[in-house]
Amino acid sequence: MHVISRRIGFYIATAIAAVTVDFLIPRVMPGNPVSAVLSKMQGQVVTPATLRALQVQFGSGTREGAWGQYTHYWSSLFHGNLGISTSNGLVPVTSVIRGALPWTLGLVGTATVLSFAAGTLLGILVAWRRGSWLDNLLPATTFFQAAPYFFLAFLAIDLFAIKLGWFPPGSARNILDFPAWNWTYISDVLDHAALPALTIVIASAAGWIVGMRNVMITTMDEDYVLLAQAKGLPKHRVIWYAARNAILPSISSFSLAIGFVVSGALLTEIVFSYPGLGFILLNAVQEGDYALLQGIFLVITMAVLVANLVADFVYVFLDPRTRREA
Amino acid sequence: MAIGTSTGTSTGLGGGPADTGPLPVPDAPVRRRRLPRSPKVLIGLGALAVFLIIAVIGPWIAPYDPTRTFSTTASFPLPPSAAHWLGTTQQQQDVLSQLLAGGRSTILVAFVAGLVATAAAVLIGVTAGYAGGLADDLLSMLANFFLVMPALPLLIVIFGFLPQSQGGDDVLIGLIIAVTGWAYGARVLRAQTLSLRNRDYVESARITGERGWRIITFEILPNLIPILASSFLFTVLYGVGTYTALAFLGLVNPNHLSWGGMLFYAQVAGAESSGYWWLFLPPGLAVALLGTALALLNFGIDEFINPRLRAAGLTRRRARQAGLTGSARPPRRFVLGVTPVVRSEPLTAASGSASHHSSERNGVRADLAAPGRPGLNRLWRGRSPR
């Protein structure tokens, strides 16, 4: 299909551009990243091999030309080599990320889907009951939308974990638990994920509510909604007709929102000491672990691109007009 | 088209977006009708004014020097007291003074980011929309690339490599944030320029031999101002959030006072799990309220652009005050599903629950054939013209 192949082409181009940006940043920024990393690594033994790896990673002190460095970068990328993480005792970046990625995928993925569903439903409701007390929900959602995710995380921990004691205040699981597929472990993980997920849902649902409401209100003025009403269709059928048309812009703006949500979720992880990408990102920042920073950036970008592609597939599936255009 | 910017697409029923005054206050002069004066806008404007004043005079009205250490013996943050209205930090500095002094940097960065990003958005978006062709394709591709790429991780990498000495320069930080923040505005402006480009008055300007830049600045740009304002506010809002996030991560020089930096120190002190609420609540609330003010203003502009949203926010009482509804007119908000159309006519009542397609159509036709019927009449009047 033409539309889909064009979108895939765009995402591949974006992915290449992201890798290129990742390659360029340490080379065009002022300062010498290798010496910066070495100064942070005091107390660790730096072997010539490590030094060499760092130089290749950041492109200083090598005699290779820019293009040679670039192709080298790509080839090591395809070999699954993202460099060496210096903040965790010289282990490959990939293994550090592999340990953190499942937590982030589970938490952020679930929370994003939940907030999209809840926000869209609430948006429909608010639009349908326009002029009622539900309109007062909007200023409140505005506040939650404007507040930084991590500030809400602070509030959530202070209130629900410390004062009320309903949820554990941080971490992803009980240290003493042994990972296993039994109910004790799973319930423990869910228990720890509940509060961070709730924070992300509350913070990100506001955008979906407002977006859905605005489109829904415009849609409700369409003639086919009036006709559905004039036919005397039951209320839920009329709402369904309007909503399934109004949801399209929400899905197409998903690509705009997902980056924000993921960014916010990373910061939420930090406050909750949740051992996902956000948490190792903070470590990387504090320890000056540039290779890990770059690796996390690449992984997050690729994840966001894939999420976008999925949203595009859904959109093309839902809206026949996009298929006819092709 | 993006949410909240569905401009210029109103079909049939209403006029264009700019010339509609959907709240016909009978005595108000025409000029006043065009100003969005909803409570949202007023509250947003008022709050934003307060924040701007704090940004200017905050460092001067702060009761103490925000970096002064008050005690070398106390080892934990002190709760609010008469001497320190918002308590002290882990380093025994006055929180209120930091709050007042930290606003300047936060607001400056956000506005620099907003201004630069909006300028870039106009340049790129309007050029792409007006030029069309290959230039449009390339510029749109660039904008889409920046839209899709998650901005915060990119900024984190950039700031990570930025030497510490340059990490406290507000203008530089604003510029870097602007690099990641212009694309949304460019996309919206491009879409609107595309729709304006082929309007008759632009065509006639082109036929009379106006130059391209003149058409853009005098014919097209004035009609983009509401969208421009909206995109500016959006970018400022984005700048506030992003700067706070970067400072919270400790990527901005931590000695550089800002609200995000205060949250960074709150996190370092373990404020959330130790109950030191005065460390994170004041700066967090300040950021949230500043953001809310900007978002409320943005809502106002959205409602100005798309009048349907404005009427929707009215409660019944306020709508009546505005003269939209009276004893003669039914409420503007129609209650779907319980229309009298169904009840008054046996044929239609059957069709309401019928799954039969033919009977449904018949029922409606019967109604449409008799426009004098009270039920349908009421329905039409419920959709008051705009």
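Residues numbered from 1 in each chain as written. Chains lettered and ligands numbered in written order. Predicted model: local features only at pLDDT ≥ 70, side-chain atom pairs only at ≥ 80, totals over all residues.

**Topic: the overall build of chain B**
Right, on to step 1. Of regular secondary structure, chain B possesses 18 helices and zero strands.
Right, on to step 2. Relative to its 386 residues, chain B shows a buried fraction of 45%.
Right, on to step 3. At a minimum sequence separation of 6, the contacts of chain B that also span at least 24 residues come to 71%. (Helix = DSSP H or I, 4+ residues; strand = E, 2+ residues; numbered from the N terminus. Buried ≥ 20, exposed ≤ 12 C-beta atoms within 10 Å, placed from the backbone. Contact = placed C-beta atoms within 7 Å.)

**Points about the overall build of chain A**
Right, on to step 1. Of regular secondary structure, chain A possesses 14 helices and two strands.
Right, on to step 2. Counting only residues that meet the buried cut, chain A has 44% of its 326 residues in that class.
Right, on to step 3. Once local pairs closer than 6 in sequence are excluded, the contacts in chain A between residues at least 24 apart make up 73%.

**Some details on the packing of helix H3 (residues 95-131) of chain B against helix H10 (residues 259-268) of chain B**
Packed helices, taken two at a time, are described by their axes: the angle between them and the distance between them.
All names here are of chain B.
Right, on to step 1. Where H3 meets H10, the axes come as close as 7 Å, and the angle between the chain directions of the two elements is 125°. Classed by the angle they form, the pair H3 and H10 counts as oblique. Here Gln98, Gly102, Gly103 and Thr106 of H3 lie close against H10, whose contacting residues are Trp259, Gly260, Gly261 and Met262.
Right, on to step 2. Class assignment for the residues of the contact of H3 with H10 results in two nonpolar, six polar and no charged. (Axes fitted to C-alpha atoms, helices over the stretch in contact; angles between N-to-C directions. Parallel < 35°, antiparallel > 145°, perpendicular 65-115°, else oblique. Nonpolar A, V, L, I, M, F, W, Y, C, P; charged D, E, K, R; others polar.)

**As for the confidence of the model for chain A**
Right, on to step 1. With 86% of its residues at a pLDDT of 70 or more, chain A shows a mean pLDDT of 79.
Right, on to step 2. When pLDDT is averaged over each helix and strand of chain A, the minimum, 68, is found for helix H2 (residues 33-40) of chain A and the maximum, 88, for helix H9 (residues 223-230) of chain A. (pLDDT = per-residue confidence, 0-100.)

**Focus on the packing of helix H4 (residues 133-148) of chain B against helix H7 (residues 183-197) of chain B**
Residue and element names in this part refer to chain B.
Right, on to step 1. As a packed pair, H4 and H7 sit with axes 8 Å apart at the nearest point and diverge in direction by 140°. Classified by the interaxial angle, the pair formed by H4 and H7 is oblique. Note on packing geometry: the crossing formed by H4 with H7 is left-handed. Between H4 and H7, the residues in contact are Ser140, Ala143, Phe146 and Leu147 and Ala183, Tyr184, Ala186, Arg187 and Arg190, respectively.
Right, on to step 2. Grouping the amino acids of the contact of H4 with H7 by side-chain chemistry returns six nonpolar, one polar and two charged. (Left-handed = near helix turned anticlockwise from the far one by under 90°.)

**Re unusual backbone geometry**
Negative phi values dominate among residues other than glycine, just as trans dominates among peptide bonds.
Right, on to step 1. The phi dihedral of A:Ser273 falls on the positive side, at around 50°, and the residue is not glycine.
Right, on to step 2. Assignment of secondary structure puts A:Ser273 in the loop between helix H11 (254-271) and helix H12 (277-287).

**A look at the confidence of the model for chain B**
Residue and element names in this part refer to chain B.
Right, on to step 1. Per-residue confidence for chain B gives a mean pLDDT of 70; residues scoring 70 or more make up 67%.
Right, on to step 2. Overall, residues 323-386 carries pLDDT values under 50, and its contacts beyond four positions in sequence, including any with other chains, amount to 87 contacts.
Right, on to step 3. The complex model carries a pTM of 0.76, and its ipTM stands at 0.81.

**Some thoughts on helix H5 (residues 93-128) of chain A**
Right, on to step 1. End to end, H5(A) covers 50 Å across 36 residues, agreeing with the expected 52 Å (1.5 Å per residue, within 8%).
Right, on to step 2. Where H5(A) bends most, the angle comes to about 35°, and this point is A:Ala100, followed within four residues by the proline A:Pro102. (Expected span 1.5 Å × (residues − 1). Bend = angle between axes of the 7 residues up to and from the residue.)

**Things to note about the environment of A:Leu282**
Right, on to step 1. Structurally, the position occupied by A:Leu282 is in helix H12.
Right, on to step 2. Ignoring anything within four residues of it in the chain, the contact list for A:Leu282 reads A:Ile270 and B:Leu249.

**A word on helix H2 (residues 39-61) of chain B**
All names here are of chain B.
Right, on to step 1. The sharpest bend along H2 measures roughly 50° and falls at Ala55, with the proline Pro59 sitting one to four residues further on.
Right, on to step 2. Looking only at H2, the buried set comprises Lys40, Gly44, Leu48, Phe51, Ile54, Ala55 and Gly58.
Right, on to step 3. Contact partners of the buried residues in H2: H3 and helix H12 (277-305).

**Things to note about the environment of B:Ser38**
Right, on to step 1. By the element assignment, B:Ser38 lies in the loop between helix H1 (30-33) and H2.
Right, on to step 2. Sequence separation of B:Ser38 and B:Phe299 is 261 residues, and the distance between their C-alpha atoms is 9.9 Å.

**Structural notes on the environment of A:Tyr290**
Right, on to step 1. Along the chain, A:Tyr290 falls in helix H13 (residues 290-318).
Right, on to step 2. With 28 C-beta atoms counted inside 10 Å, the residue A:Tyr290 sits in the buried group.

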